[in-house]
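Working through the structure, step by step
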Amino acid sequence: MDALIMRLEPKPAPSLAATLAYPAGAILATMAIAAILVLAAGASPLSVFALVAKGAAGSQFALLETLTRATPLIFTGLAVAVAFRAKLWNIGAEAQLYAGAIVTVVLGTGALPLPAIVLIPLIMLAAMTAGALLLLGPAFLKTRLGVDEVVTTLLLNFIMLLVVSMLLEGVLKDPMGLGWPQSERVIAEAKLPRIVKGKRLHYGFVIAVIAALWVWVIMKKTALGYEMRAVGHNPAAARFAGIPVNTVLMKTALLSGGLAALAGFSEVSGLKGNLTLDLSPGFGYTGIVVAMLAMLNPLGVIAAAIFVAGIFVGADAMSRTADVPSYIANVMTATALLTMVTAIMLTRYRIRWR
């Protein structure tokens, strides 16, 4: 008896209904899997999901906390979406985030005695430059030597954490920190103001939304965006059409690394005020989930980041009420990534059995 062979055939042009239905199905599948886990924990899925929703958006405080948590995810989601669109597999947004945070601390702790209206944009530009240059290395190795950027960008995450640890135990260590591995706090002129007085939401969220609009314009309305899409769709065809593929990948790396570094800038300047080794609980990796949920659409990244942030904030609030661990949020985000990748595949390909 012959074995069945599965083959993927490209679909000529997926309909709008299919483009929307498959991602919606991915989210429903994620909720169904989460419901099974909640049942296994001995709780009611409906009541747990209601508690998660209430914890994420049931009050002004909850909603503002969700938007605060979404801010770095928008930046890292945009970084991943830009890179993946050109098939530059940037898994190192976490490293670029910390690069931006280091520059923010170096320039924001009094090294430049400038007014806030000058100092904050200057720090933003310097942070973006640091993140861009950090990703430029793996992009150069990919284009010139054929080195897999998945490996190099992933390893840079661990290297950067070691660099941060070294700096916090050395030149950046706060002399007034009672021995804790942390940097000095940035001065008032380097801090992003709060949107709502007394709450944690800061203008980094506004900058993130503006960045998403800016990236959308680049991707949809400029020659660079067209070249990035062409390279991502078919590098050989793009090269045959006269597009400088390697140059486009280098430009993509600069843009992607700079966006990820803004996440580090916003966390230090807008929220934490200083650099610590646990500044990011994995924002760079979660940005991959955000980008995939948004199907690499820059505007969709905003909604996807708020959705993922709501899951984490709501799960934290839920765990204090229901006897269900908050780690359900990690399971939901990981499952969402797997189901969304499957949904994207089914949108573009048809499964044939032979």
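Preceding this paragraph is the structure being described.
My aim in this report is to walk through the structure given alongside it, one point at a time.

Taken together, the side chains of W89, V150, V151, L154, L155, F158, I159 and Y285 present a nonpolar region at the surface, about 670 Å² in accessible area. A total of six residues in the nonpolar patch trace back to one element, the largest contributor, which is helix α6 (residues 149-168). Note that L154 resides in helix α6.

Where helix α3 (residues 60-85) meets helix α10 (residues 245-272), the axes come as close as 7 Å, and the angle between the chain directions of the two elements is 170°. Taken as axis vectors, α3 and α10 run roughly antiparallel relative to one another. Taken together, the residues of α10 that come into contact with α3 (itself represented by T68, T71, P72, F75, T76, L78, A79, V80, V82 and A83) are T252, L255, S256, L259, A260, L262, A263, S266, E267 and L271. Tallied by class, the residues present in the contact of α3 with α10 amount to 13 nonpolar, six polar and one charged.

Here the focus is the side chain of S183. In this fold, S183 is placed in the loop between α6 and α7 (204-221). Within the structure, S183 has its side chain in polar contact with the backbone nitrogen of L275 (distance 2.8 Å).

Mapped onto the elements, A305 comes out in helix α12 (residues 298-319). According to the relative accessible area criterion, A305 is buried, its value standing at 0%. Along the primary structure A305 and V290 are separated by 15 residues, whereas in three dimensions their C-alpha atoms are 5.6 Å apart. Beyond its immediate stretch of four places on either side in the chain, A305 contacts A70, L73, I74 and V290.

Before going further, it helps to spend a moment on the pattern of salt bridges. If you walk through the whole model with that rule in mind, you get three salt bridges. The shortest N-O distance in the salt bridge between E65 and R200 comes to 3.0 Å. Of this pair, E65 sits in helix α3 while R200 sits in the loop between α6 and α7; the two residues are 135 residues apart in sequence, bridging distant segments of the chain. Residue classification places E65 among the buried residues on the basis of a relative accessible area of 14%. For R200, a relative accessible area of 38% puts it in the partly exposed group.

Our focus in this paragraph is α7. The terminal C-alpha atoms of α7, which comprises 18 residues, lie 25 Å apart, in line with the 26 Å expected from a rise of 1.5 Å per residue. Listing the buried residues of α7 in full gives G204, F205, I207, A208, A211, A212, V215, I218 and M219. Along the long axis of α7, the arc covered by the buried residues comes to 150°, so they all point the same way. In α7, the exposed positions angled more than 90 degrees off the buried face are occupied by I210 and K221. On its buried face, α7 sits against α3, α5 (116-145), α8 (223-233), α10 and α12.

F265 and L275 are the most contacted members of the largest nonpolar core, which has 107 residues in total. Per element, the largest residue contribution to this core is 13 residues, and it comes from α3. Beyond its immediate sequence surroundings of up to four residues, F265 is in contact with G100, A101, T104, I120, I123, M124, A127, L192, I207 and G270.

You will see that L178, though not glycine, has its phi angle at about 55°, which is positive. Summarising the element assignment, L178 is placed in the loop between α6 and α7. Overall, the relative accessible area of 78% leaves L178 in the exposed class.

Under the defined criterion, the tally for this structure stands at one aromatic pair. Relative to W89, the ring of F84 lies with its centre 4.9 Å away and its plane at 75°, an arrangement referred to as edge-to-face.

Let us now look at the packing of α5 against α6. Viewed as axis vectors pointing N to C, α5 and α6 meet at an angle of 150°, and their least axial separation amounts to 9 Å. If you check the angle between α5 and α6, you find them roughly antiparallel. The handedness of the crossing between α5 and α6 comes out as right-handed. Facing α5, whose interface residues are L134, L135, P138, L141 and K142, α6 presents E149, T152, T153, L156 and M160. Here the residues of the contact of α5 with α6 sort into six nonpolar, two polar and two charged.

Below, the discussion takes up the side chain of T66. Tracing the backbone through its elements, the reader meets T66 in helix α3. Classification of T66 by relative accessible area gives buried; the value is 3%. Filtering out sequence-adjacent residues up to four positions away, T66 remains in contact with A56, I306, A309, G310 and V313.

What counts, and at which threshold
Numbers given to residues run from 1 along each chain, matching the order in which its sequence is written. Only residues with pLDDT of at least 70 get local features here, since the model is predicted, and only at 80 or more are side-chain atom pairs given and counted; chain-wide, interface and lining totals rely on the full set of residues. Side-chain measures here rest on the full set of heavy atoms in the structure, leaving out hydrogens and waters. Each patch is built from residues that are more than 30% exposed by relative accessible area and take part in no salt bridge. Like charges join if they lie within 9 Å; nonpolar side chains (Val, Leu, Ile, Met, Phe, Trp, Tyr) join within 5 Å. For the area figures, the Shrake-Rupley method with a 1.4 Å probe applies, and any residue is considered shielded solely by the protein chains shown. Whenever Lys or Arg places a side-chain nitrogen within 4 Å of a carboxyl oxygen from Asp or Glu, that contact is recorded as a salt bridge. Strands here mean DSSP runs of E at least two residues long; helices mean DSSP runs of H or I at least four residues long; both are numbered from the N terminus. Helix axes are fitted to C-alpha atoms over the stretch in contact, other axes to C-alpha atoms as well, and angles between N-to-C directions run from 0 to 180 degrees. Any angle that is under 35 degrees is reported as roughly parallel, and any over 145 degrees as roughly antiparallel; angles of 65 to 115 degrees are reported as roughly perpendicular and all others as oblique. Contacts are assigned to residue pairs with any non-hydrogen atoms lying within 4.5 Å of each other. Gly counts as polar in this scheme, as do all residues outside two lists: the nonpolar Ala, Val, Leu, Ile, Met, Phe, Trp, Tyr, Cys and Pro, and the charged Asp, Glu, Lys and Arg. We define a polar contact as two N or O atoms separated by no more than 3.5 Å, with the added condition that, inside protein, one atom must be a possible hydrogen donor and the other a possible acceptor, whereas residues neighbouring each other in sequence contribute only through side-chain atom pairs. For every residue, the accessible area (1.4 Å probe, protein chains only) is compared with the maximum for its type, and the residue is labelled buried under 20%, exposed over 50%, or partly exposed between those bounds. By this rule, a helix spans an expected 1.5 Å times one less than how many residues it contains. The directions from the helix axis to the C-beta atoms are what the arc is built from. Residues grouped as a nonpolar core are buried Ala, Val, Leu, Ile, Met, Phe, Trp, Tyr and Cys residues, joined through side-chain atoms within 4.5 Å. Aromatic pairing here means that ring centres of Phe, Tyr or Trp (its six-membered ring) are within 6.5 Å. Orientation follows from the plane angle: under 30 degrees is stacked, over 60 is edge-to-face, and everything else is tilted. Note: crossing handedness is left-handed where the near helix turns anticlockwise from the far helix by less than a right angle, and right-handed where it turns clockwise.

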